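# Residue-level structural notes
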Amino acid sequence: MKKVILITGCCGQVGSQIYNHLVLHQKAKVIASDIKLSANEFRIYEQVNVLDYQSILGVVRRHEVTEIYHLAAILSSAGENDIERAWKTNINGLLNILNICRDEKVSKLFFPSSIAVFGGEIKNKIAKQTQVLTPTTMYGVSKAAGENLCNYYFHKFAVDVRSIRYPGIIGPQLNIGGGTTDYAVEIFHSALGSGKFSCFLSADTILPMIYIEDAIKATVNIMQAPTKNIKIRTSYNLAGFSFSPQMISAEIKKIIPEFVINYAPDHRQAIADSWPRYINDEEAKKDWNWSHSYNLQLMVETIIDEIKSYDYQNSNIA
Ligand code: SER
């Protein structure tokens, strides 16, 4: 059977990179979808609101979709501005997708969870796989419920759903929005632009992060792992490395010495403070051989090079 992959939320930070990876590396027809009316950067694009069951069903039937990467979601900070919208998009959207996987010939589903499922008392600020989940944001609440929904659909209806609790994902592209870890993407564009950055988290706020290439590698690896290796059907803890705004700005200053950062913590500080600083990802390592490749220094060097070459290409086109 021909592999046909549907990605929801394809215009976002993760969706756009997964799309590029799958198009380059898999023998599959890849269908991009998002709530946006149109998006020219994709070969096949379908406008889909994940809350509209009939329209997703139509896309899945028309293209005979066999796998879904369900990335459409409202993130932590944006979710707090409209908690009903966050709950509906993140939960009803997932339920639509799970029902379609159960009822149509969709053999595998990827669902991204997040470090936002953690909150409250976390011993030594290191989140274990079995940590009790008491999230402090609607995003976290919906992801924790979503993980359980996935686990339920796996056991009750044999939907082969696989999930990762993503740390903050950092990459060169600016197509981010509404996250508490977004500062660590914005900082590069400010450093290379005005040379100044006002950070919405305090200098010493350490959070678990990952370079986007590693996040994509983890996503593809868990989707390709043999079914018997996937022992956790809620969601796997995943770690890259942890850093604070001060630590990343020190790395940036090694390359851009004149870079200046100041700190003006806002409502996102409380969200960050409720999250773990470190993630224990033993199970992902053991079950499907996970390991990350990037550390802070390599990530900073890579992102700065990428943004510079992107600007260079753009200025050539202009
Ligand atoms: N990056 C997400 C956020 O900040 C966490 O998963 O909301």
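Summarised in this report is the structure supplied together with it. What you are looking at is a predicted structure, and each value in this text was computed from that prediction instead of being measured. (Residues numbered from 1 in each chain as written. Predicted model: local features only at pLDDT ≥ 70, side-chain atom pairs only at ≥ 80, totals over all residues. Heavy atoms only, no water.)

This paragraph deals with the site of the ligand. Every residue lining the ligand is accounted for by Leu75, Ser76, Ser114, Tyr139, Gly179, Thr180, Thr181 and Trp275. One of the backbone nitrogen or oxygen atoms of Thr180 is found 2.6 Å away from an oxygen atom of the ligand. Protein chains shield 94% of the accessible area of the ligand, which is 240 Å² for the free molecule. The class makeup of the residues in the shell around the ligand is three nonpolar, five polar and no charged. (Near = heavy atom within 4 Å. Polar contact = N/O pair within 3.5 Å; in protein donor to acceptor, adjacent residues only side chain to side chain. Areas by Shrake-Rupley, 256 points an atom, 1.4 Å probe, with all protein chains shown as cover. Nonpolar A, V, L, I, M, F, W, Y, C, P; charged D, E, K, R; others polar.)

To continue, consider the sheet that holds strand β8 (residues 168–170). Taken together, three strands build an open sheet; the order of strands is β8-β10-β12 and the sheet is mixed. With partners counted over all chains shown, the strands left at the sheet margins are β8 and β12 (241–243), one partner each. The sheet shows a mean angle of 45° between the axes of neighbouring strands, direction not considered. Examined bridge by bridge, strand β10 (residues 207–211) and β12 share three bridges and lie antiparallel to one another. (Pairing = 2+ DSSP bridges. Helix = DSSP H or I, 4+ residues; strand = E, 2+ residues; numbered from the N terminus. Axes fitted to C-alpha atoms, helices over the stretch in contact; angles between N-to-C directions.)

On to the environment of Glu283, then. Position of Glu283 relative to the elements: it lies in helix α10 (residues 282–288). Residues Glu283 and Tyr236, spaced 47 residues apart in sequence, show a C-alpha to C-alpha distance of 7.2 Å.

The tally for this structure, following the rule as stated, stands at twelve salt bridges. Asp103 is paired through a salt bridge with Arg102; the nearest N and O atoms lie 2.8 Å apart. One salt bridge in this structure joins Asp266 and Arg268, with 2.6 Å as the shortest N-O distance. (Salt bridge = Lys/Arg side-chain N within 4 Å of Asp/Glu carboxyl O.)

It is worth spelling out the packing of aromatic side chains at this point. By the definition in use, this model includes twelve aromatic pairs. Note on Tyr19 and Phe42: the rings are 4.7 Å apart at their centroids and 75° apart in plane angle, and the pair reads as edge-to-face. Taken together, the positions of Tyr19 in helix α1 (residues 13–25) and Phe42 in the loop between β2 (29–34) and β3 (45–47) put the pair 23 residues apart, joining distant regions of the chain. Classification of Phe42 as buried rests on a relative accessible area of 8%. Through pairs of rings, three or more aromatic residues link up here, namely Tyr19, Phe42 and Tyr45. Above the plane of the ring of Phe154 lies Arg233, whose end atom (NZ or CZ) is 4.0 Å from the centre. One Lys or Arg, Arg268, reaches over the ring of Phe200 and ends 3.5 Å from the middle of that ring. (Phe/Tyr/Trp six-rings, centres within 6.5 Å; stacked < 30°, edge-to-face > 60°. Buried < 20%, exposed > 50% of the residue type's maximum accessible area, 1.4 Å probe, protein only. Lys NZ or Arg CZ within 6 Å of the ring centre and 35° of its normal.)

A few words now on the sheet that holds strand β5 (residues 108–114). Backbone hydrogen bonds hold the strands of a sheet together, and the pairing may be parallel or antiparallel. With parallel pairing, the seven strands of this open sheet are ordered in space as β3-β2-β1-β4-β5-β7-β11. With one partner strand each, in any of the chains shown, β3 and β11 (236–237) form the two edges of the open sheet. Inspection of the sheet shows strand β4 (residues 67–70) paired to β5 by three bridges, in the parallel sense. Residue pairing in the sheet places Ile68 in a bridge with Leu109 of β5. The sheet strands contacting helix α2 (residues 53–63) are β1 (4–8), β2, β3 and β4, and the helix crosses β1 at an angle near 160°. Contacting β4, β5, β7 (161–166) and β11, helix α7 (residues 212–224) crosses the sheet at an angle of about 155° to β7. (Contact = heavy atoms within 4.5 Å.)

Moving on: the pairing of β2. The buried fraction of β2 is high, at five of six residues. Relative to β2, β1 is paired through four bridges, and the arrangement is parallel. When the bridges of β2 are listed, Leu6 appears paired with Ile31. Handedness of the crossover is the feature at issue here: the chain leaves β1, passes through α1, returns alongside β2, and the resulting connection is right-handed. Where β2 meets β3, three bridges bridge the pair, whose relative direction is parallel. (Right-handed = clockwise from strand over helix to strand, strands pointing away.)

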